[in-house]
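# Structural features, examined
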Amino acid sequence: MQILGINAYHGDVSAVLLHDGDLDAALEEERFRRIKHVAGFPAKAIQRCLDSGVIDAADLDHVAISRDPSVHFGKKVHFVAR
């Protein structure tokens, strides 16, 4: 089973590839973009993880994306209240 984990859209974005529960690759995007604590989508880290596992995106069984729904909770409540 191939699982791609993505940490995206805030500082220190990264990607990880697991094969049958074992770590194949774990990379931070800042290594490729040369920007400390880069935010956004880790496209280059994802591609390098897939390259190191010698697989295509079609071979992935699951893709996991980290998120924290409590981030900026006050701003979200204020938006809804308006």
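Structure: above.
Described below are features of the structure shown in this document. Note that the coordinates shown come from a computational prediction; the quantities given were computed from them, not determined experimentally. (Residues numbered from 1 in each chain as written. Predicted model: local features only at pLDDT ≥ 70, side-chain atom pairs only at ≥ 80, totals over all residues. Heavy atoms only, no water.)

Further remarks concern the overall build of the protein. Helix and strand counts for the protein stand at 3 helices and 4 strands. Mapped from its N terminus to its C terminus, the protein presents α and β elements in the order β-β-β-α-α-β-α. Taking 82 residues into account, the globule formula puts the C-alpha radius of gyration at 12 Å, and the protein, at 15 Å, lies well above it. Dimensions along the principal axes, computed over C-alpha positions, put the protein at roughly 50 × 30 × 20 Å. Per-residue burial over the protein gives 24% buried out of 82 residues. If you take every contact in the protein between residues at least 6 apart in sequence, the share linking residues at least 24 apart comes to 50%. Accessible area of the protein: about 5,900 Å², with a carbon and sulfur share of 57%. In the protein, the 10 positive side-chain charges and the 12 negative ones have mean positions that sit 15 Å from each other. (Helix = DSSP H or I, 4+ residues; strand = E, 2+ residues; numbered from the N terminus. Rg over C-alpha atoms; globule rule 2.2 N^0.38 Å. Buried < 20%, exposed > 50% of the residue type's maximum accessible area, 1.4 Å probe, protein only. Contact = heavy atoms within 4.5 Å. Areas by Shrake-Rupley, 256 points an atom, 1.4 Å probe, with all protein chains shown as cover. Lys, Arg positive; Asp, Glu negative; His and termini not counted. Charge placed at Lys NZ, Arg CZ, Asp CG, Glu CD.)

Below, the discussion takes up the nonpolar core. Membership of the largest hydrophobic core is limited to 12 residues, which are Leu4, Ile6, Ala8, Ala15, Leu17, Ala25, Ala45, Ile46, Cys49, Leu50, Ile55 and Leu60. Looking at this core, the elements with two or more residues in it are strand 1 (2-7), strand 2 (14-19) and helix 2 (43-52). When residues of this core are assigned to their parent elements, the largest contribution, 4 residues, is made by helix 2. For Cys49, the contacting residues outside a window of four places in its chain are Leu4, Ala15, Val16, Leu17, Ala25 and Leu27. (Core = buried A, V, L, I, M, F, W, Y, C linked by side-chain atoms within 4.5 Å.)

Within the fold, Ser14 resides in strand 2. With residues up to four places along the chain from it excluded, the contact list for Ser14 reads Gly5, Ile6, Asn7, Leu27, Glu28, Glu29 and Pro42.

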